[in-house]
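Notes for the structure review
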Amino acid sequence: MSASSEPRPIAPADHITQAWWDATRQRRFLLQRCVTCGHRQHYPRNICTSCGGTELTDDEASGRGTIYSHTTVRRAPHRAFAPPYVVALVRLEEGPVVLSNIVGIEPGEVRCDMVVRLTWEDLPDGRKLPMFTGER
């Protein structure tokens, strides 16, 4: 998806997201789970979005999901991205919906309710960026 040698802009890790980013180095996609109510969520936060609990733990996601919604970007917001590319909301098997890219599928072939699986893009600093592709 990179249009140039310029790296894609990626948010730096902070005290809330550091464990999540560290897990990506081993190609592990973590979801937070609230110890109080069992709610699973993504992206990492310091509070449960369901009950307000503050005791959160991490579970590894299966990496499987379905496309809830998608769009094809034809005019990139940054020169590190080469259009056309697909941005999608993917509902994970575990419940949370994540915003990601769909790769390895022609944009015109992407459909809602399509089954997808996790794949990874290497980042220059050793972290990995989660993306999704068609299920095999």
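Structure: above.
Residues numbered from 1 in each chain as written. Predicted model: local features only at pLDDT ≥ 70, side-chain atom pairs only at ≥ 80, totals over all residues. Heavy atoms only, no water.

Moving on: the pattern of salt bridges. All told, the structure shown has nine salt bridges when counted by the stated rule. Among the charged side chains, a salt-bridge network with shared partners connects Arg27, Asp122 and Lys128. (Salt bridge = Lys/Arg side-chain N within 4 Å of Asp/Glu carboxyl O.)

Among the surface-exposed residues, Tyr68, Leu89 and Leu99 lie close enough to one another that they form a single nonpolar patch of about 320 Å² accessible area. Along the chain, leucine 89 falls in strand S5 (residues 85–92). (Patch = residues over 30% accessible without salt bridge, like charges linked within 9 Å, V, L, I, M, F, W, Y side chains within 5 Å. Areas by Shrake-Rupley, 256 points an atom, 1.4 Å probe, with all protein chains shown as cover. Helix = DSSP H or I, 4+ residues; strand = E, 2+ residues; numbered from the N terminus.)

Of the pairings in the sheet, the one linking S5 to strand S6 (residues 97–102) comprises six bridges and is antiparallel in character. Paired with valine 90 across the bridge in S6 is valine 98. (Pairing = 2+ DSSP bridges.)

In this section: the nonpolar core. Counting residues in each nonpolar core, the largest one holds 23 residues, and the members touching the most others are Phe29, Val90, Leu92, Ile102 and Phe132. Elements represented by at least two residues in this core include exactly helix H1 (18–24), strand S1 (30–34), S5, S6, strand S7 (115–122) and strand S8 (128–134). Among the elements that take part in this core, S5 stands out by supplying four residues, more than any other. Looking at this core, you find at least three residues from each of domain 1 (11–60) and domain 2 (62–136). (Core = buried A, V, L, I, M, F, W, Y, C linked by side-chain atoms within 4.5 Å. Buried < 20%, exposed > 50% of the residue type's maximum accessible area, 1.4 Å probe, protein only. Domains from an automatic or database assignment.)

Our focus in this paragraph is the environment of leucine 89. A relative accessible area of 32% places leucine 89 in the partly exposed class. For the pair leucine 89 and serine 100, spaced 11 residues apart in sequence, the C-alpha separation works out to 6.5 Å. In this view, leucine 89 contacts Thr66, Ile67, Tyr68, Ser69, Val97, Val98 and Leu99; residues no more than four positions away in its chain are not counted. (Contact = heavy atoms within 4.5 Å.)

Bringing the environment of glycine 52 into the picture now. On the secondary structure map, glycine 52 appears in the loop between strand S2 (40–41) and strand S3 (56–60). Taking C-alpha positions, glycine 52 is 21 Å from glutamine 18, a pair spaced 34 residues apart along the chain.

The topology assignment puts threonine 17 in the segment before H1. A relative accessible area of 16% means that threonine 17 is categorised as buried. Setting aside chain neighbours within four positions, we find threonine 17 in contact with Pro12 and Pro44.

Worth remembering: the numbers are spatial, not functional.
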